[in-house]
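# Notes for the structure review
Here is how the chains run, residue by residue.
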Amino acid sequence: MFNSPLYVVKLGGSITTIKNGNYELNYENLKNIAETISKSKLLSNSKIILVFGGGSFGNVAPIEYNILSKSNKDNHLVNISKMTTVMFSMLTDIANVFIEYGLPVYPFQCSAIVRQKINLKYEINIESILLALKQNYIPIISGDLVFNRENNFTIFSSDNIPFLISEVFPVKHVLYYTDVDGLYSNLIDKKIIPLIKLGDFKAIKKLAGPSLNQDVTGGMAHKIIQIENLLKNNVTSEILSFKNFRLIDHSLNKEIHFGTRFEVN
């Protein structure tokens, strides 16, 4: 559909929200992200999809609306509606920050573009996203509730989205911006593992624990699973600290490595 390379940038909820807060966006960080992208040369010769972690939205809403409990059947349908509305309100507010910087972002509600197939695997409606990219929009997506074939729903982590995109379209590289410098070999001296290859994942999974903050969808351990899936699709990635975001062009081009990079060989 287009010849430009496609990159996916995942911004953790601890960056874009006040993760221990109550439905609070981190507007300072969001403005820094928007300003950096608006000044970047990235969009002149490539395409980018931005994926946002739920943070203080995705972690608070399931508890406030009793989503994870099946005992509250009377209000269950209403509460599910409330949660997906909360998640899209977060995405809407994020979009408004980018629009202030003249960036043509377009928010896609995850629950509307992700579905469960007959084999119970999930897929994303990439066609709508690609059409937006072709018209020079920057798609932005977050996690959400997704309906499944058991007449129920799944709390769907935004960490799943880069892999789903790579299943149907060749992604050049994925960046996972977090509040840590990368994947640590241990938590005592916090020494970063600079490079992990596909064959290393059996041992590496033992090092990746849950988020230090409340995290409904599993934190670092879940990211590692999705990164392994990306590598199986020949897509490289890197986990790095948000403090290096202003050099995103160099990170996407793989000219400079700040965190833990993941490669096939």
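Residues numbered from 1 in each chain as written. Predicted model: local features only at pLDDT ≥ 70, side-chain atom pairs only at ≥ 80, totals over all residues. Heavy atoms only, no water.

## Brief notes about the overall build of the chain
We count it as follows: Each helix is a run of H or I in the DSSP string that is no shorter than four residues. Each strand is a run of E no shorter than two, and both are numbered from the N terminus. Accessible area is worked out with a 1.4 Å probe on protein chains only. A residue is then buried under 20% of its type maximum, exposed over 50%, and partly exposed in between. We call two residues in contact when some of their heavy atoms are within 4.5 Å. Only the protein chains shown count as covering a residue, and every accessible area follows the Shrake-Rupley method with a 1.4 Å probe.
Per the secondary structure count, the chain includes 12 helices and 12 strands. Considering the chain as a whole, with its 265 residues, one finds that 51% of them fall into the buried category. Taking the contacts inside the chain whose residues are at least 6 apart along the sequence as the reference set, 73% of them involve residues at least 24 apart. By element, 50% of the accessible surface of the chain is carried by carbon and sulfur atoms, the whole surface being about 12700 Å².

## Here's the deal with the side chain of serine 40
Condition: Under the rule applied, a polar contact is a pair of N or O atoms within 3.5 Å (in protein, one hydrogen donor and one hydrogen acceptor; residues adjacent in sequence only if both atoms are side-chain atoms).
With respect to the secondary-structure elements, serine 40 resides in the loop between helix H2 (27-39) and helix H3 (42-45). Using a relative accessible area of 17% as the deciding quantity, one classes serine 40 as buried. Here aspartate 249 takes part through its side chain, which lies 2.7 Å from a polar atom of the side chain of serine 40.

## Some thoughts on the confidence of the model for the chain
Detailed reading of predicted coordinates is not advised where the pLDDT is low. Threshold: As a per-residue measure, pLDDT reflects the predictor's confidence and takes values from 0 up to 100.
Taken residue by residue, the chain gives an average pLDDT of 85. The fraction at 70 or more is 85%. Confidence drops under pLDDT 50 across residues 210-218; counting only partners more than four residues distant or on other chains, this segment forms 24 contacts.

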